[in-house]
Amino acid sequence: MEYSFLFPNDMHIHWSLMIVMYPYITGLVAGAFVVSALYHVFNIEVLKPVGRLALLASFAFLCFATLPLLNHLGHPERAMNIMMTPNFSSAMAGFGIIYNFYLLLLTLEVWLVYRVDIIEFAKTSRGLKRLLYKTLALGVYNVSPQALALDHKLIKILAAIGIPGACLLHGYVGFLFGALKANPWWSTPLMPIIFLFSAVVSGVALLIIVYQLCMKVRGEPIDQNCLSAMARLLWLFMTISVSLELLEIITLAYEQAEEWEVIGPLLSHQLSFSFISLQLIIGALIPFILLMILTLMNRYLHERVRNTLSFVASLLLLIQVLSMRWNVVIGGQIFSKSFRGFRDYQPHFLEKEGILAAVIIFILPFILLYVINRFLPAFDSPSASHNGHDPLKNGTFDSPACCYPKAGGPS
Amino acid sequence: MNKKEGKIDEKPEEMGRRDFIKKGCEIAAGTMFVGLLPFKSARAEKEVERIPRPEGHPDYNWEDHLYAYVIDTRKCIGCGMCVQACRKENNVPEGFYRTWVERYEVSAEDAIKVDSPHGGENGFTADTPGFNVSKGYFVPKMCNHCSNSPCTQVCPVGASYKTKEGVVLVDDKRCVGCGYCVQACPYGSRFLNPVTKTAEKCTWCYHRITRGLKPACVQACPVGARMFGDVKKEDDPVRKILAKERIQVLQPEKLTKPTCFYIGLDKGVR
Amino acid sequence: MDFWKGAFVSLRHTKHYFRAVFLIIGALFAFFIVRAFLLPGSFGEFGYYRGDNVAEQMAKPVRFAAREACADCHGDIWKTHQSGSHAPVQCQNCHDALAVHFDVEKGEFIGKMPIQRTSKLCLRCHDDLPSRPDGFPKIDLEDHLKDIPDAHKPEVCFQCHQPHSPKIGDQGPVTRDQ
């Protein structure tokens, strides 16, 4: 086996850095949505401070989820073919339907959550802004208790659909890889599940970071209960995610299947940095310890220590998930299908599908998030501050009559 | 649908608002129906099914053919004329291969050395010293035109398909260049053409075989290691080989059911 | 249950839903209308692909003519070639595809056929490589040329062998006929 050989057509990596970014971004979408759903569906009250932020972040990332794909396609102008003539024997054909379904669901969810605010803004603003809000409100200014109660129920239903929806959106991405028998590094039924859990990890980690940054910018205190709850979630999901990732590799190694001849060297040589150093040690072991300290010694920790620990752990986990995507997408193409040799892939900084393009694609959702936040604020909502009632506060809307907060309820 | 629109143009002034809305709904519903059932309605008027034919061959009927390919690795001398011919015939871009030839050298210690410089296009030269070859052979490779082809399965837009003669083709006017088929092919037979930006692969020289010629690689082979035939023809030599000889396919465990068959494959060949 | 009851009891409070649903249905309609226009007519004719592509694939130009095509103009060499041991090697292998030389349909001359005059061409097939099957005429170059004074010259092979019919003493006309 010391003589390497690549199939002549295997000299090139066809799925570039862009295809690493695509599952990374949809993962953030799915993960952020799960957090918002935990609040909206499961009434986890501690997550309230990030409930709206999670929704907006999910929406902002979803808006740009197709961008890396479009940048990668040889013929982006034909991209609509995937919806015009979806070949349903292909896993990829589901993309148009799943993506649009999820975009619709998320748009409706954001719209319903913000409807009271939109109407409030439509009433108080002037000019173009007023027109914008009026259009967003679809010209209906009904904020009667009955309408709000209905809205709230619908939000819950949509969020409940959104959880399997998020699983579908991201499980589908995992399936794209997991269902290719030609590639032993991809072909495993575990792939969608691994993708899903790492998606939740990246989503929660992203929210911890964005939430802390937002609070810093706004000069407001960080809600420690919320932060601790997210850190606990993060710890749970990262443990599951990393266990699954390891399980897949241990099984392959233990089975000593034919493909281990190529996957073994792949992990220990070609991917030694991005797999062993980044994905396993820096990205998993260290945050695992940090989050363990945070979870188990939570009440002994100073606020600032808690903030820093969760921030660092989240940052490392974001890197872990990115390196995991890299190791899957690029790792699966680094070895030739001859199983006899490896090629090399180093994205250039300035090429069409290079590092700069990836960075821009990753920054764009944050810009969009900033813009959306200007129109639909994630933190100060007029519906909460002006008339002192938030229809999304909790799930106690048994009848339309009791949609006003009870005295002494959480505010 | 067009007829309905024509009717509206004839007498627009006679229609009240209600009628107009009604008509509009009808048109919209009709259009939606057309959209949902694109092929049936589009071809409904043509009662006779068209049969695609190459120019000057009015008798060609693709239902009468089922092609198969046999590669006898015991005969291959590794001259690479087939690779060269393929590139010239199909205008294959440099650095990519619709067909290629691999050289296998096995030492007495069972170490396997495989190479394919430029896909074997310029032939092979004496190999590096120090490797003690106890047996060696050449293996020409190409698209296996699998019956259960993973590449056509995964094409999201229906740009890759199998013709009735069993040839797997790519429609370069619909291909979006996503590269999923390239990933799905276990044989490395597909690539993304850097010029057209679409997926490309061996077509068994579809433009030649439908005109009664042999694929360029088969015609170029000086030793008859590459054979192309039609299993629907009684006296076809390839059909006879498939019926009488012990044949193998590449990576049979993938269950892709190739229709490109091999004679004399060694265990090291993947 | 409450949700549906509420929705139907008080239509007044569900006005915004109806508007949203109307927008969604409108978008769906728009999509199907656009789709109907953009879909190629032959899509789905024979299977889930654009039917016209089959004929397009068939219409691609043939560059390598049939083996026998050369005989039409170069009858003498063809005869020599066919009677010699290189008969299974098509002319267009060592020269080039007919498409660079002659347009059959228009009957037009396009350009000269390249002629390779180096031993490299011969060695492509006859070099003594261990992977080459036994029984095929293989040449150990050093051994084969040990008594030849011009062994280093690229065209050394053609001093003794006529490529169209390489067996020594079995040679027809060397030059091409016009």
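This write-up is about the structure you can find in this document. Remember, it's a predicted structure, so these values are computed and weren't measured experimentally.

1. Comments concerning the overall build of chain B
Counting its secondary structure elements, chain B contains 9 helices and 10 strands. With 270 residues in all, chain B has 58% of them scored as buried. Summarising the internal contacts of chain B: among those between residues at least 6 apart in sequence, 61% fall at separations of at least 24. Per element, the accessible surface of chain B, about 12,100 Å² overall, is 54% carbon and sulfur.

2. Remarks on the pattern of salt bridges
Summed over all chains, the structure comprises 27 salt bridges over all chains. Here Arg218(A) ties to Glu220(A) by a salt bridge, and the two come within 2.9 Å at their closest N and O atoms. Given a relative accessible area of 30%, Arg218(A) falls into the partly exposed group. Look at Glu220(A) and you get partly exposed, because its relative accessible area is 35%. Each of Asp171(B), Lys173(B), Arg50(C) and Glu56(C) takes part in salt bridges that share partners, so that together they form one network.

3. Structural notes on the interface of chain B and chain A
If you look at the interface, chain B gives 52 residues, while chain A gives 38 residues. When the two sides are added together, the surface that chain B and chain A hide from each other amounts to roughly 3,700 Å², 54% of it contributed by carbon and sulfur. On the chain B side of the contact with chain A, Tyr180(B), Gln183(B) and Arg270(B) bury the most area, a combined 21% of that side's loss. Linking chain B with chain A are 1 salt bridge, by the criterion used here. Note that Arg270(B) is salt-bridged to Glu258(A), the shortest N-O span being 3.3 Å. Only strand E2 (99-107), strand E3 (112-115), helix H5 (150-154), helix H6 (180-184) and strand E7 (191-192) of chain B provide two or more residues apiece to the side of chain B that touches chain A. When the residues that make up the side of chain B that touches chain A are grouped by side-chain class, the tally is 24 nonpolar, 16 polar and 12 charged.

4. A few points about the interface of chain B and chain C
Each side of the interface is counted separately: chain B has 70 residues, and chain C has 51 residues. Together, the buried faces of chain B and chain C total about 4,900 Å²; carbon and sulfur atoms form 60% of this surface. On inspection of chain B and its partner chain C, the count reaches 5 salt bridges. Between Arg50(C) and Asp171(B) there is a salt bridge, and its shortest N-O distance comes to 2.8 Å.

5. With respect to the packing of aromatic side chains
Here the structure, examined in full by the defined rule, presents 34 aromatic pairs over all chains. Between Phe362(A) and Phe366(A) the ring centres are 5.4 Å apart and the planes differ by 70°, which places this aromatic pair in the edge-to-face class. Here Phe362(A) pairs with Phe366(A), and both are found in helix H15 (residues 355-375), just 4 residues apart, close to one helical turn. Ring centres of Tyr104(B) and Tyr137(B) lie 5.3 Å apart, and the angle between their planes is 10°; on these two criteria the pair is classed as stacked. Residue Tyr104(B) is located in strand E2, and its partner Tyr137(B) is located in strand E4 (residues 133-142); the two are separated by 33 residues in the primary sequence. As far as burial versus exposure is concerned, Tyr104(B) and Tyr137(B) are alike and both buried.

6. Observations concerning the packing of helix H1 (residues 17-40) of chain A against helix H13 (residues 303-329) of chain A
Residue and element names in this part refer to chain A. At a minimum axis distance of 9 Å, the contact between H1 and H13 shows a crossing angle of 135°. Regarding the angle of H1 to H13, the classification is oblique. Between H1 and H13 lies a crossing of right-handed hand. Residues Leu-17, Ile-19, Val-20, Met-21, Pro-23, Tyr-24, Gly-27 and Leu-28 of H1 lie in contact with H13, whose contacting residues are Leu-318, Val-321, Leu-322, Arg-325, Trp-326 and Val-329. Of the residues contributing to the contact of H1 with H13, the split by class is 12 nonpolar, 1 polar and 1 charged.

7. Side note on the sheet that holds strand E9 (residues 226-230) of chain B
Residue and element names in this part refer to chain B. Strands sit in the order E9-E1-E10 across an open sheet of 3 strands; the sheet is mixed. Two strands lie at the open edges of the sheet, namely E9 and strand E10 (260-263), each paired on one side alone. Pairwise comparison of adjacent strand axes, ignoring direction, gives a mean angle of 25° for this sheet. Pairing geometry for strand E1 (residues 67-72) and E9, over 5 bridges, is antiparallel. Note on E9: the bridge partner recorded for Ile-71 is Arg-226.

Cut-offs applied
- Residues numbered from 1 in each chain as written.
- Chains lettered and ligands numbered in written order.
- Predicted model: local features only at pLDDT ≥ 70, side-chain atom pairs only at ≥ 80, totals over all residues.
- Heavy atoms only, no water.
- Helix = DSSP H or I, 4+ residues; strand = E, 2+ residues; numbered from the N terminus.
- Buried < 20%, exposed > 50% of the residue type's maximum accessible area, 1.4 Å probe, protein only.
- Contact = heavy atoms within 4.5 Å.
- Areas by Shrake-Rupley, 256 points an atom, 1.4 Å probe, with all protein chains shown as cover.
- Salt bridge = Lys/Arg side-chain N within 4 Å of Asp/Glu carboxyl O.
- Buried area = accessible area lost by both parts, 1.4 Å probe.
- Nonpolar A, V, L, I, M, F, W, Y, C, P; charged D, E, K, R; others polar.
- Phe/Tyr/Trp six-rings, centres within 6.5 Å; stacked < 30°, edge-to-face > 60°.
- Axes fitted to C-alpha atoms, helices over the stretch in contact; angles between N-to-C directions.
- Parallel < 35°, antiparallel > 145°, perpendicular 65-115°, else oblique.
- Left-handed = near helix turned anticlockwise from the far one by under 90°.
- Pairing = 2+ DSSP bridges.

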